[in-house]
Amino acid sequence: MKTERIFTMFIAGFVVLAVAYLFVKNSGDSIGLSSEAQAKETRQQVETRNFDTKSTGGTGSGDALVELTPRIKDGNKLLVHFSANTHSVRLGNFDLTKITTLEYEGKILKPVKAGKLGGHHSTSVIVFDVGKEVRNFKIKLYGIPNIQERVYEWNG
(Lines give C-alpha, C1' and ligand atoms only; values in the text may rest on other atoms or scores of the structure.)
Protein backbone atom coordinates (compact mmCIF):
# COMPACT_ATOMS: atom_id res chain seq x y z
CA MET A 1 0.00 0.00 0.00
CA LYS A 2 2.81 2.36 0.94
CA THR A 3 4.71 1.43 -2.21
CA GLU A 4 1.65 2.12 -4.37
CA ARG A 5 1.22 5.54 -2.76
CA ILE A 6 4.89 6.46 -3.36
CA PHE A 7 4.62 5.22 -6.95
CA THR A 8 1.43 7.31 -7.52
CA MET A 9 3.11 10.42 -6.10
CA PHE A 10 6.15 9.78 -8.30
CA ILE A 11 3.96 9.51 -11.42
CA ALA A 12 2.02 12.66 -10.45
CA GLY A 13 5.28 14.57 -9.98
CA PHE A 14 6.56 13.33 -13.30
CA VAL A 15 3.36 14.46 -15.07
CA VAL A 16 3.61 17.92 -13.47
CA LEU A 17 7.24 18.27 -14.60
CA ALA A 18 6.38 17.07 -18.11
CA VAL A 19 3.54 19.60 -18.44
CA ALA A 20 5.80 22.38 -17.10
CA TYR A 21 8.52 21.40 -19.59
CA LEU A 22 6.08 21.49 -22.52
CA PHE A 23 4.79 24.89 -21.43
CA VAL A 24 8.29 26.34 -21.20
CA LYS A 25 9.36 24.74 -24.50
CA ASN A 26 6.36 26.14 -26.38
CA SER A 27 6.89 29.58 -24.88
CA GLY A 28 10.26 29.80 -26.71
CA ASP A 29 12.64 32.69 -26.14
CA SER A 30 9.92 35.04 -25.00
CA ILE A 31 9.89 33.77 -21.39
CA GLY A 32 10.15 36.70 -19.06
CA LEU A 33 10.01 39.32 -21.82
CA SER A 34 7.18 41.80 -22.00
CA SER A 35 5.48 42.26 -25.35
CA GLU A 36 7.24 45.63 -25.61
CA ALA A 37 10.65 43.99 -25.07
CA GLN A 38 9.80 41.30 -27.62
CA ALA A 39 8.82 43.97 -30.17
CA LYS A 40 12.05 45.89 -29.54
CA GLU A 41 14.15 42.73 -30.01
CA THR A 42 12.32 41.96 -33.28
CA ARG A 43 12.83 45.55 -34.54
CA GLN A 44 16.56 45.37 -33.81
CA GLN A 45 16.87 42.16 -35.79
CA VAL A 46 14.98 43.67 -38.72
CA GLU A 47 16.66 47.09 -38.53
CA THR A 48 20.19 45.76 -38.91
CA ARG A 49 20.94 43.99 -42.15
CA ASN A 50 24.44 42.81 -42.95
CA PHE A 51 25.91 42.33 -46.41
CA ASP A 52 28.84 40.18 -47.54
CA THR A 53 32.38 41.54 -47.36
CA LYS A 54 33.89 42.54 -50.72
CA SER A 55 37.58 43.20 -51.32
CA THR A 56 39.89 44.69 -53.94
CA GLY A 57 43.65 44.89 -54.28
CA GLY A 58 46.37 43.05 -52.47
CA THR A 59 49.32 43.55 -50.15
CA GLY A 60 52.02 43.61 -52.82
CA SER A 61 54.36 46.54 -53.36
CA GLY A 62 52.46 49.77 -54.10
CA ASP A 63 49.06 48.14 -53.51
CA ALA A 64 46.52 47.96 -50.68
CA LEU A 65 44.00 45.28 -49.80
CA VAL A 66 40.72 47.10 -49.08
CA GLU A 67 37.67 45.31 -47.68
CA LEU A 68 34.19 46.77 -47.24
CA THR A 69 31.35 45.26 -45.20
CA PRO A 70 28.11 47.28 -45.33
CA ARG A 71 25.14 47.00 -43.01
CA ILE A 72 21.84 48.83 -42.81
CA LYS A 73 21.09 50.34 -39.41
CA ASP A 74 17.62 51.60 -38.48
CA GLY A 75 16.61 51.48 -42.15
CA ASN A 76 18.06 54.91 -42.92
CA LYS A 77 21.80 54.65 -42.28
CA LEU A 78 24.24 52.60 -44.31
CA LEU A 79 27.29 51.84 -42.15
CA VAL A 80 30.28 50.45 -44.02
CA HIS A 81 33.11 48.77 -42.13
CA PHE A 82 36.33 49.70 -43.96
CA SER A 83 39.52 47.70 -43.52
CA ALA A 84 42.81 48.26 -45.33
CA ASN A 85 46.12 46.41 -45.19
CA THR A 86 49.25 47.37 -47.05
CA HIS A 87 53.01 47.15 -46.75
CA SER A 88 53.92 50.21 -48.76
CA VAL A 89 51.02 52.69 -48.99
CA ARG A 90 50.55 55.40 -46.38
CA LEU A 91 46.85 55.20 -45.59
CA GLY A 92 46.86 58.45 -43.59
CA ASN A 93 47.01 60.34 -46.91
CA PHE A 94 43.40 59.39 -47.73
CA ASP A 95 40.22 61.07 -46.45
CA LEU A 96 37.37 58.59 -46.82
CA THR A 97 34.75 61.37 -46.85
CA LYS A 98 36.37 62.80 -49.99
CA ILE A 99 37.33 59.65 -51.90
CA THR A 100 34.18 57.55 -51.33
CA THR A 101 30.79 57.60 -53.07
CA LEU A 102 27.63 55.55 -52.76
CA GLU A 103 25.47 54.97 -55.84
CA TYR A 104 21.89 53.67 -55.69
CA GLU A 105 18.66 54.33 -57.60
CA GLY A 106 20.38 56.91 -59.80
CA LYS A 107 21.69 58.87 -56.79
CA ILE A 108 25.30 59.52 -55.81
CA LEU A 109 26.03 60.33 -52.16
CA LYS A 110 29.15 61.24 -50.23
CA PRO A 111 29.56 59.93 -46.68
CA VAL A 112 28.26 62.05 -43.81
CA LYS A 113 31.00 60.68 -41.56
CA ALA A 114 34.12 58.49 -41.68
CA GLY A 115 36.99 57.81 -39.32
CA LYS A 116 40.57 58.76 -40.09
CA LEU A 117 43.01 56.29 -41.57
CA GLY A 118 46.62 55.86 -40.56
CA GLY A 119 49.58 53.54 -40.81
CA HIS A 120 49.62 50.45 -42.97
CA HIS A 121 46.75 48.57 -41.29
CA SER A 122 43.68 50.67 -40.70
CA THR A 123 39.96 50.29 -40.02
CA SER A 124 37.14 52.78 -40.03
CA VAL A 125 33.38 53.08 -40.39
CA ILE A 126 31.94 55.06 -43.29
CA VAL A 127 28.41 56.38 -42.69
CA PHE A 128 25.91 57.26 -45.42
CA ASP A 129 22.54 58.84 -44.64
CA VAL A 130 20.36 57.08 -47.22
CA GLY A 131 16.98 57.89 -45.67
CA LYS A 132 15.65 54.40 -46.38
CA GLU A 133 16.82 50.83 -46.69
CA VAL A 134 18.79 50.19 -49.86
CA ARG A 135 19.35 46.73 -51.32
CA ASN A 136 21.19 47.31 -54.61
CA PHE A 137 24.08 49.72 -54.46
CA LYS A 138 27.69 50.44 -55.42
CA ILE A 139 30.43 51.98 -53.35
CA LYS A 140 33.40 53.52 -55.14
CA LEU A 141 36.74 54.50 -53.65
CA TYR A 142 39.10 56.71 -55.65
CA GLY A 143 42.85 57.10 -55.56
CA ILE A 144 44.07 54.35 -53.23
CA PRO A 145 46.98 52.67 -55.05
CA ASN A 146 47.27 50.44 -57.01
CA ILE A 147 43.65 50.61 -58.22
CA GLN A 148 42.56 54.18 -58.99
CA GLU A 149 38.82 53.37 -58.97
CA ARG A 150 37.73 50.55 -56.68
CA VAL A 151 34.14 49.44 -57.27
CA TYR A 152 32.18 47.30 -54.79
CA GLU A 153 28.67 46.19 -55.68
CA TRP A 154 25.87 44.52 -53.70
CA ASN A 155 22.54 43.24 -55.01
CA GLY A 156 20.23 41.97 -52.40
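All figures in this text were calculated on a predicted structure; none of them were measured in a lab.

Caption draft 1: Structural detail: the sheet that holds strand 5 (residues 100-104). If you walk across this open sheet you meet the four strands as 6-5-9-10, and the pairing is antiparallel. Two strands in the sheet have a free side with no partner beyond their single neighbour: strand 6 (107-109) and strand 10 (149-155). Neighbouring strand axes in the sheet, compared pairwise and without regard to direction, differ in orientation by 20° on average. Taken together, the three bridges between strand 5 and strand 6 define a ladder with antiparallel strand orientation. Across the sheet, the residue bridging to Glu103 is Ile108, located in strand 6.

Caption draft 2: The side chain of Ser83, seen in detail. Its location among the elements puts Ser83 in strand 4 (residues 77-85). Judged by its relative accessible area of 12%, Ser83 falls in the buried class. Setting aside residues no more than four positions away along its own chain, Ser83 makes contact with Leu65, Val66, Glu67, Ser122 and Thr123.

Caption draft 3: Representation of the pattern of salt bridges in the model. Taken as a whole and judged by the stated rule, the model has five salt bridges. Note that Asp63 is salt-bridged to Arg150, the shortest N-O span being 3.5 Å. Taken together, the residues span a long stretch of sequence, with Asp63 in the loop between strand 2 (54-56) and strand 3 (65-73) and Arg150 in strand 10 at a distance of 87 residues. The exposure classification of Asp63 matches that of Arg150, with both residues buried. Glu103 is the partner of Lys140 in a salt bridge, and the nearest nitrogen-oxygen pair spans 3.2 Å. Residue Lys140 is found in strand 9 (residues 136-142), and its partner Glu103 is found in strand 5; the two are separated by 37 residues along the sequence. Judged by its relative accessible area of 14%, Lys140 is buried.

Caption draft 4: Here's a closer look at the nonpolar core. Residues Val66, Leu68, Phe82 and Phe137 are the most contacted members of the largest nonpolar core, which totals 27 residues. Among the elements of the structure, strand 3, strand 4, helix 3 (96-99), strand 5, strand 8 (121-129), strand 9 and strand 10 are those that each provide at least two residues to this core. The leading source of residues in this core is strand 4, at four residues. With residues up to four places along the chain from it excluded, the contact list for Phe137 reads Phe51, Pro70, Leu78, Leu102, Glu103, Tyr104, Tyr152, Glu153 and Trp154.

Caption draft 5: Structural context of the packing of aromatic side chains. As enumerated under the stated definition, the model contains three aromatic pairs in all. Among the aromatic side chains, those forming a connected cluster through ring pairs are Phe51, Phe137, Tyr152 and Trp154.

Caption draft 6: Main features of the environment of Asn50. Of note, Asn50 is situated in strand 1 (residues 49-50). Exposure remark for Asn50: the relative accessible area of 55% places this residue in the exposed category. Each residue touching Asn50, except ones within four places of it in the same chain, is listed here: Pro70 and Arg71.

Caption draft 7: Quick look at unusual backbone geometry. Residue Pro145 is joined to Asn146 through a cis peptide bond whose omega torsion reads 10°. Within the secondary structure layout, Asn146 lies in the loop between strand 9 and strand 10. At Glu105, a residue that is not glycine, the phi angle is positive and equals roughly 50°.

Caption draft 8: Molecular detail of the pairing of strand 3. Of the two faces of strand 3, the one lined by Val66, Leu68, Pro70 and Ile72 is fully buried and the one lined by Leu65, Glu67, Thr69, Arg71 and Lys73 carries no buried residue. As paired elements, strand 1 and strand 3 share two bridges and run antiparallel to each other. Its bridge partner being in strand 3, Arg49 is matched across the sheet by Ile72. Judged from the three bridges that link them, strand 2 and strand 3 form a sheet pairing that is antiparallel.

Cut-offs and rules
- Residues numbered from 1 in each chain as written.
- Predicted model: local features only at pLDDT ≥ 70, side-chain atom pairs only at ≥ 80, totals over all residues.
- Heavy atoms only, no water.
- Pairing = 2+ DSSP bridges.
- Helix = DSSP H or I, 4+ residues; strand = E, 2+ residues; numbered from the N terminus.
- Axes fitted to C-alpha atoms, helices over the stretch in contact; angles between N-to-C directions.
- Buried < 20%, exposed > 50% of the residue type's maximum accessible area, 1.4 Å probe, protein only.
- Contact = heavy atoms within 4.5 Å.
- Salt bridge = Lys/Arg side-chain N within 4 Å of Asp/Glu carboxyl O.
- Core = buried A, V, L, I, M, F, W, Y, C linked by side-chain atoms within 4.5 Å.
- Phe/Tyr/Trp six-rings, centres within 6.5 Å; stacked < 30°, edge-to-face > 60°.

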